[in-house]
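# Tertiary structure, described
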Amino acid sequence: MDKKNAAITGVGICVPNQVLTNDEVAKYTKTTAEWIESRTGISKRRIASPEQAASDLGVIAAEQALTNAGLSAKDVDLIIAATATPDMLFPATACIIQHKLGLKNTAAFDLEAGCSGFIYALNVGSHFITSGQYRTVLVIGTEVLSRLLDWEDRETSVIMGDGAGAVVLQPALPGYGILSCCLGADGSGGEYLRLPAGGSRMPITHQAIDQKMHLFKMNGPEVFRFAMQKVPEAINQVLALSQTSLEEVSLIVPHQANLRILEAVARVMDISMDKFIVNMDRYGNTSSASIPIALYEALAEGRINHGDHIVLTGFGAGLTWGSIHMCWQAK
Ligand code: COA
């Protein structure tokens, strides 16, 4: 079989209309707009409306990605939805999106790797193209984290936002598309980012709710340290795999968690901040949606051109991390 790399041929996003500023967040918890901005780089985020769940944002992003690829839903062979905030535990959000796209029989499944979910899903999706099993794969990152936040918890409520991003993967031209991927996980750090109740370990009970166990918990400083170590490692590792130097990379599209993390990574790796796409100021941390949203905006701003080497890199709950190096294939 003729093995082909996978290329992104269309990107789409959906960010909810409602904007929540730092001043508004500061009404619910003991913080200030200035603290949030100076310690995270975030000044506002989008919040889904009460009737919007992950599949509602995901399907809009998916439709836009398909339009931008010049395709329609019936062309899709497989849908992978990366989400830590699915519509419900089951059925999979990818199946709900499949139905909303008017499809029947198309394979669909969810993938949960916290904020690294999009990187994991893109890597998995690329193998279905490379193996020749499928020709068109939709990879979606979609999150409604606002629904799982304790708005009185000043560590978590100030950083998260809602949104979705989607890409279409198809066989690449020779030399283009995804050139290398690396993934990693360290389950011993699972306690640093978790949602304790609602699974088989701790069902949702009145007691669990009283103790706020159904809401997102984070150890911010531990996650910060982990990210500072793993992001440079994952970028170096993925470039070593494709024998490419950092100088050849024109743009890094990172998970949007905290501007100080990116500044520290830039310092450690001796890279200019101009090489990083940064949009957390407007959207906060949208978990598995942050990388496709940043990618979409980079394309819209004309910062990615045919033949450019770019690196996508993420980290998150699990703990998990990963990077993808691609040579951009324009239409
Ligand atoms: N407003 C005001 N003060 C706050 C605050 C807030 N929202 N959050 C924490 N503080 C306080 C702390 O209580 C602490 O006070 P103290 O010195 O009196 O004890 C002080 O600020 C420093 O706390 P610390 O937790 O060290 O702050 P920080 O600079 O590390 O910032 C985070 C906190 C959460 C913004 C930061 O740790 C972070 O971004 N971590 C990574 C999180 C992440 O990326 N999560 C998603 C992973 S995908």
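Look above for the structure.
In this report, the structure presented in the accompanying data block is examined.

Reading the values: rules and limits
Residues numbered from 1 in each chain as written. Predicted model: local features only at pLDDT ≥ 70, side-chain atom pairs only at ≥ 80, totals over all residues. Heavy atoms only, no water. Pairing = 2+ DSSP bridges. Helix = DSSP H or I, 4+ residues; strand = E, 2+ residues; numbered from the N terminus. Axes fitted to C-alpha atoms, helices over the stretch in contact; angles between N-to-C directions. Contact = heavy atoms within 4.5 Å. Near = heavy atom within 4 Å. Polar contact = N/O pair within 3.5 Å; in protein donor to acceptor, adjacent residues only side chain to side chain. Areas by Shrake-Rupley, 256 points an atom, 1.4 Å probe, with all protein chains shown as cover.

### A few points about the sheet that holds strand E4 (residues 78-82)
One open sheet accounts for five strands, arranged E1-E7-E6-E4-E5; its pairing is mixed. The outermost strands of the open sheet, each flanked by one partner alone, are strand E1 (6-14) and strand E5 (107-111). With strand direction ignored, the average angle separating the axes of adjacent strands in the sheet is 20°. Alignment of E1 against strand E7 (residues 163-171), held across eight bridges, turns out to be antiparallel. Within the sheet, the bridge partner assigned to Ala6 lies in E7 and is Pro171. Running over the sheet, helix H3 (residues 54-68) touches E1, strand E6 (137-143) and E7 and is turned about 130° from E1. The strands that helix H4 (residues 93-100) touches are E4, E5 and E6; relative to E5, the one it contacts most, it runs at about 140°.

### Brief notes about the site of the ligand
Near the ligand, the surroundings consist of 24 residues, among which Thr31, Arg39, Arg154, Asn258 and Arg260 are the closest. Trp35 places a polar side-chain atom, nitrogen or oxygen, 3.4 Å from a nitrogen atom of the ligand. Separating an oxygen atom of the ligand from a side-chain N or O atom of Glu155 is a distance of 2.9 Å. Relative to its unbound accessible area of 950 Å², the ligand is 73% covered by the protein chains.

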